[in-house]
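# Coordinates in review
One-letter residues, chain by chain:
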Amino acid sequence: MKFFLDSANLDEIKEIASTGLLDGITTNPSLVSQQGEQKGFHELVKEICEIVQGPVSAEVLSTEYKKMVKEAEVLAKIHKHIVVKMPMTEDGIRATKHVSDKGINVNLTLVFSSSQALLAAKAGAAYVSPFVGRLDDVSTSGMQLIEEIVQIYENYDFRTEVLVASIRHPMHIAESALLGADVATMPYKIFKQLYNHPLSDIGLERFLADWGKK
Ligand code: E4P
């Protein structure tokens, strides 16, 4: 399973990249705007691409087909690591099909149903991003959706990778891995939580205390 960081914060990205466990980055307009105005969007994603040796998702802001295509072409030229994020709309699917056919990698975002995921795969998206946490928030199982998408893609040998997004806790990652999802994109805090288990801490403390007694 590939680990992506869901962040536009350069300090977080540098720290997690230094572990050697980071495979890519996802950003979205909310995450980029949280970084303030110091850097322009394109400058920021270019810098991220230079830190991370893997795909970096950058989202289009237009909502109309022709403008989305144009924006995608501009974003894709920033760096070879760029994956263009398109929102799940009719225009987004059309634009995904158009630019994917031309060799631009697309991450189809804001996916909340298996029929939307089917459209993403038919349009040739490189990644589909189902938002599990936001589904859980409205009393609908995010993990059930992952199971359905993994099964559908397997049934038809679709090459679109299932990128589990809107992750809220480490169980979302473990369950996605059990279901065979390709990628988990997680906030910095969740990445750090993956290391933790109280019994690991207690066990180490006991080993070191026993060693100290000899
Ligand atoms: C994924 O690409 C999205 O940026 C992200 O996972 C959304 O997560 P949220 O629901 O916590 O905002």
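All of these numbers come straight from a predicted model, not from anything done at the bench.

Each value, and the rule that gives it
Residues numbered from 1 in each chain as written. Predicted model: local features only at pLDDT ≥ 70, side-chain atom pairs only at ≥ 80, totals over all residues. Heavy atoms only, no water. Near = heavy atom within 4 Å. Polar contact = N/O pair within 3.5 Å; in protein donor to acceptor, adjacent residues only side chain to side chain. Areas by Shrake-Rupley, 256 points an atom, 1.4 Å probe, with all protein chains shown as cover. Nonpolar A, V, L, I, M, F, W, Y, C, P; charged D, E, K, R; others polar. Buried < 20%, exposed > 50% of the residue type's maximum accessible area, 1.4 Å probe, protein only. Helix = DSSP H or I, 4+ residues; strand = E, 2+ residues; numbered from the N terminus. Pairing = 2+ DSSP bridges. Salt bridge = Lys/Arg side-chain N within 4 Å of Asp/Glu carboxyl O. Core = buried A, V, L, I, M, F, W, Y, C linked by side-chain atoms within 4.5 Å. Contact = heavy atoms within 4.5 Å. Axes fitted to C-alpha atoms, helices over the stretch in contact; angles between N-to-C directions. Right-handed = clockwise from strand over helix to strand, strands pointing away.

## Some thoughts on the site of the ligand
In the region of the ligand, the neighbouring residues are Asp-6, Thr-26, Asn-28, Lys-85, Phe-131, Arg-134, Ala-165, Ser-166 and Arg-168. The contact in question runs from an oxygen atom of the ligand to an N or O atom on the side chain of Asn-28, over 2.7 Å. Arg-134 is positioned with one of its side-chain polar atoms (N or O) 2.7 Å from an oxygen atom of the ligand. Summarising the interface, the protein chains cover 85% of the accessible area of the ligand, which totals 340 Å² for the free molecule. Per-class residue counts for the shell around the ligand are two nonpolar, three polar and four charged.

## What about the pairing of strand E8 (residues 183-186)?
A two-sided burial pattern is seen for E8, the buried positions comprising Val-183 and Thr-185 on one face and Ala-184 and Met-186 on the other. With four bridges connecting them, strand E1 (residues 2-6) and E8 associate as parallel partners. Bridge pairing in E8 places Phe-4 opposite Thr-185. The pairing of strand E7 (residues 161-164) with E8 spans two bridges and is parallel. For Val-164, the partnering residue across the bridge sits in E8 and is Ala-184.

## Comments concerning unusual backbone geometry
With a phi close to 60 degrees, Ser-139 is a non-glycine residue in the positive phi region. Turning to its location among the elements, Ser-139 is positioned in the loop between helix H7 (132-137) and helix H8 (142-156). In this structure Ser-139 comes out as exposed when scored by relative accessible area, which is 73%. Residue Asp-157 is not a glycine yet carries a positive backbone phi of 55 degrees. Within the secondary structure, Asp-157 sits in the loop between H8 and E7.

## Thoughts on the pattern of salt bridges
Within this structure, the stated rule accounts for six salt bridges. When the shortest N-O distance is used, the salt bridge between Lys-2 and Glu-161 registers 2.7 Å. Of the two residues, Lys-2 sits in strand E1 while Glu-161 sits in strand E7, which places them 159 residues apart along the sequence. Between Asp-210 and Lys-213 there is a salt bridge; the shortest N-O distance is 3.1 Å. With Asp-210 and Lys-213 both in helix H11 (residues 198-213) and three residues apart, this pair spans about one turn of that helix.

## Re the nonpolar core
Met-86 and Leu-108 are the most contacted members of the largest nonpolar core, which has 57 residues in total. For Met-86, the residues in contact, after removing those within four places along its chain, are Val-60, Met-68, Ala-72, Gly-92, Ala-95, Thr-96, Val-99, Val-106, Asn-107, Leu-108 and Thr-109. Listed in part, the five residues of the second largest apolar core include Phe-4, Val-83, Leu-163 and Val-183.

## Topic: the sheet that holds E7
The strand order around the closed barrel built from eight strands is E1-E2-E3-E4-E5-E6-E7-E8, with neighbouring strands paired in parallel fashion. Averaged over all adjacent pairs, the angle separating strand axes in this sheet is 30 degrees, with direction ignored. Helix H4 (residues 65-78) contacts strand E3 (56-59) and strand E4 (82-87) of the sheet and is inclined by roughly 160 degrees relative to E4.

## A short note on the pairing of strand E5 (residues 106-111)
Extensive coverage of E5 is indicated by the burial of five of its six residues. Of the pairings in the sheet, the one linking E4 to E5 comprises four bridges and is parallel in character. Residue pairing in the sheet places Lys-85 in a bridge with Asn-107 of E5. With helix H5 (residues 90-101) bridging E4 and its parallel neighbour E5, the resulting β-α-β unit is right-handed. As defined by bridge partners, E5 adjoins strand E6 (residues 127-130) across three bridges and the pair is classed as parallel.

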